[in-house]
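Survey of secondary and tertiary structure
Chain residues, written in single-letter form:
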Amino acid sequence: MRVAIQESMKSGFVWVSDIDGVKGAVVAIKHEGFWFAENQVSLLMFYCKTGEGYKLLRKLSQWIRSDSSIAMASVFLERFMDERYVRMFKRLGFTRQAPALSYVR
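A short tour of the structure in this document, coming up. Note that this is a predicted model, so its numbers are computed, not measured. (Residues numbered from 1 in each chain as written. Predicted model: local features only at pLDDT ≥ 70, side-chain atom pairs only at ≥ 80, totals over all residues. Heavy atoms only, no water.)

1. Observations concerning the packing of helix α2 (residues 53-66) against helix α3 (residues 83-91)
Closest axis-to-axis distance for the α2/α3 pair is 10 Å, and the angle between their directions is 35°. Viewed along their axes, α2 and α3 form a crossing whose handedness is right-handed. Counting all contacts with α2, which are made through Gly53, Tyr54 and Leu57, the residues of α3 involved are Met88, Phe89 and Arg91. Tallied by class, the residues present in the contact of α2 with α3 amount to four nonpolar, one polar and one charged. (Axes fitted to C-alpha atoms, helices over the stretch in contact; angles between N-to-C directions. Helix = DSSP H or I, 4+ residues; strand = E, 2+ residues; numbered from the N terminus. Left-handed = near helix turned anticlockwise from the far one by under 90°. Contact = heavy atoms within 4.5 Å. Nonpolar A, V, L, I, M, F, W, Y, C, P; charged D, E, K, R; others polar.)

Written out as structure tokens, the structure is:
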């Protein structure tokens, strides 16, 4: 994870909520798309202990929208993720749900 964060700081997005200690963080990396010429963004880490989550994700969404070289941003939620996060991402503009298959133990 350390390498991913360091790389994101060079070519991606890192935002930390530090209110009397770290309360949350969002880390994303911008990279060339595999199937197309434009860049894409992948969310690498989203961590939040308090109500700062929406603020962190809003900053990420603003960063994505401000860069015209980004064609797509992908977010994969962990299993058992609270439905409120899905609604939060949709409010921020992540609207296309891709079908995906996963093997989970």
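2. Notes on the side chain of Ser61
Residue placement: Ser61 occurs in helix α2. In terms of polar contacts, Ser61 uses its side chain to reach the side chain of Arg65, at 3.0 Å. (Polar contact = N/O pair within 3.5 Å; in protein donor to acceptor, adjacent residues only side chain to side chain.)

3. A few points about the pattern of salt bridges
In total, this model carries three salt bridges according to the counting rule given. For the salt bridge of Lys55 with Glu52, the shortest nitrogen-to-oxygen distance reads 3.5 Å. Of the charged contacts in the structure, one is a salt bridge between Asp82 and Arg84, with a shortest N-O distance of 2.6 Å. (Salt bridge = Lys/Arg side-chain N within 4 Å of Asp/Glu carboxyl O.)

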